[in-house]
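Observations on the three-dimensional arrangement
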Protein chains: 2
Amino acid sequence: MDKTIEKFLIRRITKESEANVEDMVTKEQPLTIILNDEELVTLLCTPADLKYLAVGFLISEGLLKSKDELSKVTIDEIRGLVRVKTKGNKEQTGELVFKRLITSGCGRGASFYSAADTGGEKVESQIKISTEQIFTIVNEFQHNSQLYLTTHGVHSAALCDQKHILVFNEDIGRHNAIDKIFGKCLLEDIATSDRIIITSGRITSEILHKVAKRRIPVIISISSPTNLGVKIADSLGITLIASVRGQKMNIYTHMERVISNEK
Amino acid sequence: MDKTIEKFLIRRITKESEANVEDMVTKEQPLTIILNDEELVTLLCTPADLKYLAVGFLISEGLLKSKDELSKVTIDEIRGLVRVKTKGNKEQTGELVFKRLITSGCGRGASFYSAADTGGEKVESQIKISTEQIFTIVNEFQHNSQLYLTTHGVHSAALCDQKHILVFNEDIGRHNAIDKIFGKCLLEDIATSDRIIITSGRITSEILHKVAKRRIPVIISISSPTNLGVKIADSLGITLIASVRGQKMNIYTHMERVISNEK
């Protein structure tokens, strides 16, 4: 916990009172990913599970497809470096990578996460989840993040089945939190198909492409989607449930996977 | 309003009822910025005020310093393109830009927003704001976004003085919302020094560097800061007020600019 939180002495002011108090603030650290001896990118992230983050980032960017392709991952926590070596695939680094990153850039543009990236292939899955199960698991998810409860400064993400949270992580970035999940799944051989992703963050097009790549059939968010998020979920066969708060939820797409009381 | 919102027919489920209802969802669009005939970056954004966004992005990335440097900005809304021509400064495009973007990448890394970018120079300002003024202006800020109130899917940002919101904008991205403010300020000759930025988003190191570049002495957030955000605010002489909700606020740095009841 200590490596993700720093205490600051601050002034807390309310209508009635003022006091100097200790405040817990979430840590932010630059992490540079070096892929086959070439500097690929620097992410700003929560300094925990950096190996998962680096591997998950490479998966989400389409630069890594399976565990077999990895030959070595080395972390230098102090300097904020992750060195990833892959077997072969030299052509994926250098100019090609640079070109892709430039096109997508800081905003992670649509050209990067093109239909070709996910193959445009529909996600097939027979998974069903009931509305009661959704309310229960989202409630568990929201109480799972000690870091969020302490600092209110992070996003959370989880891989679940209908009843249990299987992998949970958190990060100052909503992308990073999901990438940490997928990095762990790849490194520890945890299946992602027929499973559910829960996120505290908004559902934009990029998040949809990210989960589609891992063949996730259901995505649930505490927050709202964008129109592109809804359209991509619809076309890729992904069930999108969002704005889940208290005892309310919105089902945007593919509700055939949701068992409701009225069915 | 229409160009930023799309209606979807969704299933809304609560503990007691279920219904098909219309839901308003915030729009997301890719915007490619072409600087002096070279494709620079593709941002995902809310499709409004694209000119402000493109110019603001260039300012924040250090690629544009003043209005005088601009010779032409052309928007192609349908194809999602902004073409920006600058006078001279050819050396700023091409390899140099590419190198900078790669180093910083999608995560907008620390090496990009290095101390050199802001000159490491302290922001000097005699501005003072009272705690009552902060509560009042933040309350006004939170009720200013029709798009947020409708969709809950956007971040807001505003340039203010102690009493009034001077420029307001919103976007699916917290960076974009602030960039739209700075783009408008540059194009319409609105001064930013001695003024205040309010944001709905978290205060990370990158946000601090962005406001420091525009010599903003006070930043206020509804949300939380990271430890790097606090440290950079401290070292650059910026007053950082965060977690302003209802009648509570936290002052993290340089509270000499805040007039409280106890003083």
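Rules of the game
Along each chain, numbering runs from 1 in the same order as the chain's sequence is written. Each chain takes a letter, starting from A, and each ligand takes a number, starting from 1, following the order in which they are written. Whole-chain, interface and lining totals are the exception, using all residues; otherwise, since this is a predicted model, local features are given only for residues with pLDDT of at least 70 and side-chain atom pairs are given and counted only at 80 or more. With hydrogens and water set aside, each side-chain value is computed from the structure's full complement of heavy atoms. Helical segments are the DSSP runs of H or I of at least four residues, strand segments are the runs of E of at least two, and each set is numbered from the N terminus. For each residue, the accessible area found with a 1.4 Å probe, counting protein chains only, is set against the maximum for its type, and the residue is called buried under 20%, exposed over 50%, and partly exposed in between. Any Lys or Arg side-chain nitrogen found within 4 Å of a carboxyl oxygen on Asp or Glu counts as a salt bridge. Side-chain atoms alone can form a polar contact between residues adjacent in sequence; in general such a contact is a pair of N or O atoms within 3.5 Å, and within protein one must be able to donate a hydrogen while the other accepts it. Only heavy atoms matter for contacts: two residues are in contact if any of them lie within 4.5 Å across the pair. Here, a disulfide means two cysteine sulfur atoms that sit within 2.5 Å of each other. What pLDDT reports is the predictor's confidence in each residue, on a scale of 0 through 100. DSSP calls a pair of strands paired once it identifies at least 2 bridges connecting them. Only the six-membered ring of Trp is used, alongside the rings of Phe and Tyr, when aromatic pairs are assigned; centres must lie within 6.5 Å, and planes under 30 degrees apart are stacked while those over 60 apart are edge-to-face, with the rest tilted. Working convention: axes come from line fits to C-alpha atoms, limited for helices to the stretch in contact. Angles between N-to-C directions cover 0 to 180 degrees.

**Re the environment of arginine 79 of chain B**
Residue and element names in this part refer to chain B.
- Counting through the fold element by element, arginine 79 comes out in the loop between strand S5 (70–76) and strand S6 (81–86).
- Judged by its relative accessible area of 60%, arginine 79 falls in the exposed class.
- Counting along the chain gives 49 residues from arginine 79 to proline 30, while the straight-line C-alpha distance between them is 9.0 Å.

**As for the pattern of salt bridges**
- Across all of its chains, the model carries 24 salt bridges over all chains by this definition.
- In this structure, the salt-bridge partner of lysine 85 of chain A is aspartate 37 of chain A, at a minimum N-O distance of 3.0 Å. With lysine 85 of chain A in strand S6 (residues 81–86) and aspartate 37 of chain A in the loop between strand S3 (29–35) and strand S4 (38–45), this pair connects stretches of sequence that are 48 residues apart.
- In this structure, aspartate 23 of chain B and arginine 12 of chain B form a salt bridge, with 3.0 Å as the shortest nitrogen-oxygen distance.

**Re the side chain of histidine 254 of chain A**
Residues and elements named next belong to chain A.
- Tracing the sequence through the fold places histidine 254 in the loop between strand S13 (248–253) and strand S14 (258–259).
- Polar contacts involving the side chain of histidine 254 include one to the side chain of glutamate 256, which spans 2.9 Å.
- If we skip the residues at most four places from it in the chain, histidine 254 touches Lys122, Ala233, Asp234, Gly237, Ile238 and Thr239.

**Brief notes about the state of the cysteines**
- Counted by the stated rule, this structure contains zero disulfides over all chains.
- Note on cysteine 160 of chain A: no disulfide assigned, nearest cysteine sulfur contributed by cysteine 185 of chain A at a separation of 11 Å.

**A closer look at the confidence of the model for chain A**
Residue and element names in this part refer to chain A.
- Here chain A shows a mean pLDDT of 87. Residues at 70 or above account for 87%.
- In the model of chain A, helix H2 (residues 95–104) stands out as the element of lowest mean pLDDT, 41, in contrast to strand S11 (residues 218–221), which has the highest, 98.
- Here residues 94–116 is modelled with pLDDT under 50, and outside its nearest four sequence neighbours on either side it reaches 70 contacts, counting other chains as well.
- Interface confidence in the predicted complex, given as ipTM, is 0.87; pTM for the same model is 0.89.

**Overview of the pairing of S5 of chain B**
All names here are of chain B.
- Bridge count for S5 against S6 is six bridges, and the pairing is antiparallel. Along S6, the bridge assignment pairs valine 73 with valine 84.
- Here S5 hands over to S6 after four residues, with glycine 80 in that stretch at a positive phi of 70 degrees.

**Focus: helix H7 (residues 205–213) of chain B**
- The buried count for H7 of chain B comes to nine of nine residues, which makes it a mostly enclosed element.
- Inspection of H7 of chain B places Ser205, Glu206, Ile207, Leu208, His209, Lys210, Val211, Ala212 and Lys213 of chain B among the buried residues, and these make up the whole buried set.

**A few points about the pairing of S13 of chain A**
- The element S13 of chain A is extensively covered by neighbouring structure, given that five of its six residues are classed as buried.
- Summarising the sheet, strand S12 (residues 239–245) of chain A and S13 of chain A pair through four bridges and their orientation is antiparallel. Bridge pairing links alanine 242 of chain A to asparagine 250 of chain A in S13 of chain A.
- The turn linking S12 of chain A back onto S13 of chain A is made up of two residues, and glycine 246 of chain A within it adopts a positive phi angle of 55 degrees.
- Summarising the sheet, S13 of chain A and strand S1 (residues 5–14) of chain B pair through four bridges and their orientation is antiparallel. Considered in S1 of chain B, the bridge of isoleucine 251 of chain A is made with arginine 11 of chain B.

**Focus: the packing of aromatic side chains**
Residues and elements named next belong to chain A.
- Applying the stated rule across the entire model yields two aromatic pairs over all chains.
- Where phenylalanine 141 meets phenylalanine 168, the ring centres are 5.8 Å apart and the plane angle is 65 degrees; that geometry is what we call edge-to-face. Of this pair, phenylalanine 141 sits in helix H4 (residues 131–142) while phenylalanine 168 sits in strand S9 (residues 165–171), and the two are 27 residues apart along the sequence.
- The class of phenylalanine 141 is buried, set by a relative accessible area of 2%.

**Let's talk about unusual backbone geometry**
All names here are of chain A.
- Positive phi, normally seen in glycine, also occurs at aspartate 189, with a value near 55 degrees.
- The topology assignment puts aspartate 189 in the loop between helix H6 (174–187) and strand S10 (196–199).
- In this structure aspartate 189 comes out as exposed when scored by relative accessible area, which is 59%.

**Let's talk about the sheet that holds S10 of chain A**
- The strand order across the open sheet formed by eight strands is S9(A)-S8(A)-S10(A)-S11(A)-S12(A)-S13(A)-S1(B)-S2(B), and the pairing between neighbours is mixed. Looking along the sheet, the strands with just one partner apiece sit at the ends: S9 of chain A together with strand S2 (18–26) of chain B. Pairwise comparison of adjacent strand axes, ignoring direction, gives a mean angle of 25 degrees for this sheet.

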